Amino acid sequence: MSVSSKPTCRVVRPGSTYAGKQGFNYFEGIAAETVGSTGICMHLLTIPPGGRAKAHLHVAHETAIYALSGETHCWFGDQLEEHVVVREGEMFYIPAGVPHLPANLSDRPATAIIARTDPNEQESVVLLPDLERYVPR
């Protein structure tokens, strides 16, 4: 007879980090790897002053961001032609398949909670190095 484990509630205290393909270090949070989630992941990200991600997209999952502190610039679109500034207390939505590149152009850290509809959040990340030339340094 096989024993199946019953899903249960879990508290996660962000402590250790992992390097994302996008070029940032994320605090471990809710994910398939940490709590066995099957449809969502949620992480805490602090972008240091001057920090910039690599241009990328998430093939099969949506992203929702809540800015806890600071402000982050994000270029998005097929050629990163669109631009928005996400400020403390604001939310930002990125549909699946939309190229984007976030950066912190300020002199203070920017911290956000990031939730995605894929529990293995790094699996559908596709880097787009050819687009990076469209965003000023």
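What comes next concerns the included structure. (Residues numbered from 1 in each chain as written. Predicted model: local features only at pLDDT ≥ 70, side-chain atom pairs only at ≥ 80, totals over all residues. Heavy atoms only, no water.)

1. Observations regarding the overall build of the chain
Helices and strands together make up the secondary structure of the chain, namely one helix and 11 strands. Shown N-terminal to C-terminal, the secondary structure of the chain runs as helices and strands in the order β-β-α-β-β-β-β-β-β-β-β-β. Against the globule reference of 14 Å for 137 residues, the chain gives a C-alpha radius of gyration of 16 Å, in line with a compact fold. For the C-alpha atoms alone, the extent of the chain along its principal axes is close to 60 × 30 × 25 Å. Scored against the burial criterion, the 137 residues of the chain give a buried share of 41%. In the chain, 71% of the contacts between residues at least 6 apart in sequence involve partners at least 24 apart. If you sum the accessible surface of the chain, you get close to 7,900 Å²; carbon and sulfur atoms cover 56% of it. Positive and negative side-chain charges of the chain, numbering 11 and 15 respectively, have mean locations separated by a distance of 6 Å. (Helix = DSSP H or I, 4+ residues; strand = E, 2+ residues; numbered from the N terminus. Rg over C-alpha atoms; globule rule 2.2 N^0.38 Å. Buried < 20%, exposed > 50% of the residue type's maximum accessible area, 1.4 Å probe, protein only. Contact = heavy atoms within 4.5 Å. Areas by Shrake-Rupley, 256 points an atom, 1.4 Å probe, with all protein chains shown as cover. Lys, Arg positive; Asp, Glu negative; His and termini not counted. Charge placed at Lys NZ, Arg CZ, Asp CG, Glu CD.)

2. Regarding the sheet that holds strand β3 (residues 41–47)
With antiparallel pairing, six strands are arranged side by side in an open sheet as β1-β2-β3-β10-β5-β8. The two strands at the open ends of the sheet, each matched to only one other strand, are β1 (17–19) and β8 (91–94). Here the average twist between neighbouring strands, direction ignored, is 30°. When β1 meets strand β2 (residues 25–30), the two strands line up antiparallel, connected through three bridges. Its bridge partner lying in β2, Ala 19 is registered against Asn 25. (Pairing = 2+ DSSP bridges. Axes fitted to C-alpha atoms, helices over the stretch in contact; angles between N-to-C directions.)

3. Description of the nonpolar core
Core analysis: the biggest nonpolar cluster contains 14 residues, and Phe 24, Tyr 26, Leu 45, Ile 65, Phe 92 and Ile 114 have the highest contact counts within it. For this core, the secondary structure elements donating two or more residues are β3, β5 (63–69), β8 and β10 (110–116). Excluding anything up to four places from it in sequence, Phe 92 contacts Thr 63, Ala 64, Ile 65, Cys 74, Phe 76, Val 84 and Val 86. Within the second largest apolar cluster, nine residues are counted, among which are Leu 57, Leu 80, Leu 101 and Leu 128. (Core = buried A, V, L, I, M, F, W, Y, C linked by side-chain atoms within 4.5 Å.)

4. Some points on the pattern of salt bridges
On inspection of all chains with the given rule, the structure shows two salt bridges. Ionic pairing is found between Arg 87 and Glu 71, a salt bridge with its closest N-O pair at 3.5 Å. With a gap of 16 residues between them, Arg 87 in strand β7 (residues 82–87) and Glu 71 in strand β6 (residues 71–76) connect regions that are remote in the sequence. Look at Arg 87 and you get partly exposed, because its relative accessible area is 42%. (Salt bridge = Lys/Arg side-chain N within 4 Å of Asp/Glu carboxyl O.)

Geometric descriptors of this kind do not, in isolation, establish any biological role.
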